[in-house]
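Observations on chain architecture
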Amino acid sequence: MLTFLIRRIIAAVPIIFGVALVVFLLFNVVGGDPAIMMVGKHATAQQMADIRHEYGLDKPLPIQFLNYLKEITTFEFGRSYATRQKISDMIVSGIGPSLSLTLPAFFITTLISVILGLFVAYFRGKLIDRIGVILCVIGMSIPSLAYILFGQYYLAYEMRWFPISGYDYSFPGRFDYLALPIVLWLLLSIGYDVRFYRTAILEETSQDYVRTARAKGMSEPRIFLKHVLKNSMVPIVTNVVLEIPLLILGSFLFETFFGIPGLGSITIDALHNSDFPVIKTMAFIMSLLLIFGNILTDIVYSLVDPRVKLK
Amino acid sequence: MTTATSPITQEDLKIPLAQGKSLWQLGFARLRRDKFAVVCTAIILFYFIIAALSKLNVIASPWDLKVAESYARPSGESFRMWLGADIFGRSVMYKTIYGTRTAIGLGLVVAAISVPIGVILGAIAGYFGGWIDDLIVWFYTTLSSIPNLLLLIAISFALGKGLTAVYIALISTSWIGMARVMRGEFMKHKDREYVLAADSLGASHFSKIFKHILPNVSHFIILNFSMQFMSAIKAEVILTFLGVGIQGTPSWGNMIDDAKLELARGVWWQLTGATVAMFFIVLAFNILGDSLRDALDPKIK
C-alpha cells in the first residue's frame, strides 16, 4: 500500500508539471499581455508598468515560468487583482460552501438513484422498466440550465417554497439556501444516474452465479437482494468514488446561479472581473485536487473490490 | 465420354454462395429495424436541413430585424411570431432557427476536427508504444487533469470571447476521449494474427495502422463522433451562460442566458424556444447513440 502510494505520487509529478505548463502557457503566452487583460486597453503607461512590475510580467518568459513554479511549490499565490484578498484565503473560504452544496446533493442523489435503479432492474423487460428508461432518457436530454432557470422561477419565485438565492454561513441556516440547489441537482442528475445503475445491476443479473441460484430454486427477490445487490456494489461504489474528487470543486452553474460563495463562484466572479491571478490559481489548485483525488480513488477502489491488487 | 475439363462454376453447383455480412451491413440492417433509431435519424436530419436552409438565408433571415414591439407575446398570426419577440422586438422563432445553425455548425466542426486528432494520436500511441506512447499519454492526462469546464473557461478567457474561442476550446478538450479509446483498441489489435500476417507480407506501419487495424475499430469512431457532436452543443450553452461563449449572433446559449432575467417578468418564450430546440436534438442523439452501440456491437447477434 505504502509503496503504491509513493509510486503514484511520483507518477503525479510530471502531470502536475504539465498542468503548470499548460496553465502558464494559456495565461501568460497564448492570452497575450495579461496586464492589458487586467487593467484594460485604456490605462496609462504608468499603471501598466506598475501592474507589470507587481505581477512580475516585466521579466522574460522563462523567468516568469520559474517564478510561477516557485509560487505553486510554496503555495504563495499572491493577491487577487480585483479584491486584493490573498488568494489562498479565498480558496480556504470557498471550500466550505462548495462542499456544503455538493456533498449532500451527491449523496442524496446517489441513494435515491441506486434504489430506483434496483427497482427498475428488478422489473427488467416489463412495462415499469420501459417507462423508467424512457423517463431517464427524457430527463437526461433536458438542458441543465432549463432545470435551474425553471426550477428557480417556479419553486422559489412563484411558489415561494425556497429563498431565491443567497447563502448563510451559520450551520443549519445554510441549508435554507442550499435546499433548492440540492433538489434541482437531484432532478438534473437522476435520469443519467438511474440509467447507469440499472445497467450496472443488469450486468450482474446475467452472471453465472445468478443462474446457479435460480437453478437451486431460490426466489427471485431473494436472488436480487442477497446476491445481485451485493455484487453490483462494486460498479456502484466505483462510480461514487470517481465522482468524489469533483465534489470539492463545487459546481460552477449552481454556485453562480444561486449566489453560493464556493470555489465555482469565486472562479466565475474572477472571470467576469478579468481577475487573472485568481483564475490562474484556481485552474492549478483544482487540477491538483483532482489529481490527488484520483490517487485516493484508486486506494478506495482496492478496498471495495478484493480482486483489485495495488501494484 | 468427354475428356474436356471445364472448370466448375457456381452455376453448375446451383448452390448460392453463402453471403457473409460485414459488421456495417449487419449494423445498418439492425438500425433499420429499430424504429426509434429511424425516427431519431429523421429528427437529426431535420435539424441539419433547418441549419442548411438558415445558412443559405432561405429561412429566418434576417433575424435581427425589429418585427414587433419589445417582448410581444407569441401569437399564431405569422410564423415568425409563433414564439413572440425578444427585448428588441426581434422574432424569437428566427433566433431559435439561427441558433440551430450555430449549434449544428459547432457540433460538426468540433466533431470533424477533434475526432481525427483523437484517432491519429490514439492510434500512434497504442500502435508504437514506448516513449511516443508515454508522451501522448502524458499530454492527455495533463489536459484531463484540469477540470474540463475550467479548462474550457481558461482557454476561452485566454483567447478572448467569441465563437472562434469556443471552437478552439472545445476542439482542444474533446479529442481526449477518442484518443483514450483508440489507444486501448490499437494496443489490443496490434498483436493479433491478421496484423502479424500483414506484417509478414511487408506492410508498412502506415498501411497496418490505417488499412488493417483502423477498419476493425472504426465503429468506435462513429459512436464517438455522435457523442462529441452532442457534447459540443451542450458545452456551448454552458460556456455562453457563464459568460465566455458566443456573443453577437444568436445561439441557444445566449438565448437561455438572456432568459435568466426575463422569467421574472413573465417572458417564458425565449427560454422555451431554446430549451425545446435543444431538448429534441439531444434526445435524438441520446437514443441514436444507444441504438448505434447495440447495432455495431459484434457480440450481439
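Residues numbered from 1 in each chain as written. Chains lettered and ligands numbered in written order. Predicted model: local features only at pLDDT ≥ 70, side-chain atom pairs only at ≥ 80, totals over all residues. Heavy atoms only, no water.

**Describing a positive patch on the surface**
All names here are of chain A. Among the surface-exposed residues, Lys 216, Arg 222, Lys 226 and Lys 230 lie close enough to one another that they form a single positively charged patch. Residue placement: Lys 226 occurs in helix H10 (residues 220-248). By relative accessible area, Lys 226 is classed as partly exposed at 46%. (Patch = residues over 30% accessible without salt bridge, like charges linked within 9 Å, V, L, I, M, F, W, Y side chains within 5 Å. Areas by Shrake-Rupley, 256 points an atom, 1.4 Å probe, with all protein chains shown as cover. Salt bridge = Lys/Arg side-chain N within 4 Å of Asp/Glu carboxyl O. Lys, Arg positive; Asp, Glu negative; His and termini not counted. Charge placed at Lys NZ, Arg CZ, Asp CG, Glu CD. Helix = DSSP H or I, 4+ residues; strand = E, 2+ residues; numbered from the N terminus. Buried < 20%, exposed > 50% of the residue type's maximum accessible area, 1.4 Å probe, protein only.)

**Some points on unusual backbone geometry**
All names here are of chain A. Positive phi is not limited to glycine here, since Arg 84 has a value of about 65°. Tracing the chain through its elements places Arg 84 in the loop between helix H4 (61-74) and helix H5 (87-122). Look at Arg 84 and you get partly exposed, because its relative accessible area is 38%. For Arg 160, which is not a glycine, the phi torsion comes out positive at approximately 60°.

**Some points on the pattern of salt bridges**
For the structure shown, the criterion picks out 13 salt bridges over all chains. Shared partners join several salt bridges into a network, and the residues in it are Asp 86, Arg 90, Lys 95 and Asp 258 of chain B.

**Details of the packing of helix H6 (residues 127-141) of chain A against helix H8 (residues 174-205) of chain A**
All names here are of chain A. In the contact formed by H6 and H8, the axes pass within 7 Å of each other and the chain directions differ by 135°. Relative to H8, the element H6 lies oblique. In this structure, the crossing between H6 and H8 has a hand that is left-handed. Every residue of H8 that contacts H6 at Asp 129, Val 133, Cys 136, Val 137 and Met 140 is listed here: Gly 191, Tyr 192, Val 194, Arg 195 and Arg 198. Looking at the contact of H6 with H8, its residues break down into six nonpolar, one polar and three charged. (Axes fitted to C-alpha atoms, helices over the stretch in contact; angles between N-to-C directions. Parallel < 35°, antiparallel > 145°, perpendicular 65-115°, else oblique. Left-handed = near helix turned anticlockwise from the far one by under 90°. Contact = heavy atoms within 4.5 Å. Nonpolar A, V, L, I, M, F, W, Y, C, P; charged D, E, K, R; others polar.)

**Here's the deal with the interface of chain A and chain B**
With 43 residues of chain A in contact, the opposing surface of chain B contributes 39 residues. The interface formed by chain A and chain B includes one salt bridge. Across the pair Asp 290 of chain B and Arg 195 of chain A runs a salt bridge, and its minimum N-O distance is 2.4 Å. Taken together, the connections running from chain A to chain B amount to three residue pairs in polar contact (both at pLDDT 80 or more). Contributions of two or more residues to the side of chain A that touches chain B are made by helix H1 (2-30), H6, helix H7 (144-158), helix H11 (252-258), helix H12 (263-272) and helix H13 (276-304) of chain A. In terms of residue count, H1 of chain A provides more of the side of chain A that touches chain B than any other element does, nine residues in total. Split by residue class, the side of chain A that touches chain B holds 33 nonpolar, nine polar and one charged. (Polar contact = N/O pair within 3.5 Å; in protein donor to acceptor, adjacent residues only side chain to side chain.)

**Quick notes on the nonpolar core**
In globular proteins that are soluble, nonpolar side chains generally tend to be buried together. One finds Phe 284 of chain A together with Trp 252 of chain B to be the most contacted residues of the largest nonpolar core, which totals 133 residues. Among the elements that make up this core, the one with the highest residue count is helix H11 (residues 269-295) of chain B (12 residues). Shared between two domains, this core holds at least three residues of each, these being domain 1 (2-74) and domain 2 (98-304) of chain A. Each residue touching Phe 284 of chain A, except ones within four places of it in the same chain, is listed here: Ile 16, Val 19, Ala 20, Val 23, Tyr 68, Ile 72 and Phe 77 of chain A. Membership of the second largest hydrophobic core comes to 13 residues, among which are Tyr 127, Met 178, Met 182 and Leu 214 of chain B. (Core = buried A, V, L, I, M, F, W, Y, C linked by side-chain atoms within 4.5 Å. Domains from an automatic or database assignment.)

**What about the side chain of Arg 101 of chain B?**
Residues and elements named next belong to chain B. Mapped onto the fold, Arg 101 is located in helix H4 (residues 92-128). A distance of 3.1 Å separates the side chain of Arg 101 from the backbone oxygen of Ser 54, its partner in a polar contact. The contacts of Arg 101, once residues within four sequence positions are left out, are Ala 51, Ser 54, Lys 55 and Asn 57.

**Re the packing of aromatic side chains**
Under the criterion given, the structure shown has 27 aromatic pairs over all chains. Taken together, a centroid distance of 5.2 Å and an interplanar angle of 85° make the contact between Tyr 122 of chain A and Phe 224 of chain A edge-to-face. Here Tyr 122 of chain A, found in helix H5, pairs with Phe 224 of chain A, found in helix H10; they are 102 residues apart in sequence, far enough to count as distant. Seen in terms of ring centroids, Trp 268 of chain B and Trp 269 of chain B are 5.5 Å apart; in terms of plane orientation they differ by 80°. Their pairing is edge-to-face. (Phe/Tyr/Trp six-rings, centres within 6.5 Å; stacked < 30°, edge-to-face > 60°.)

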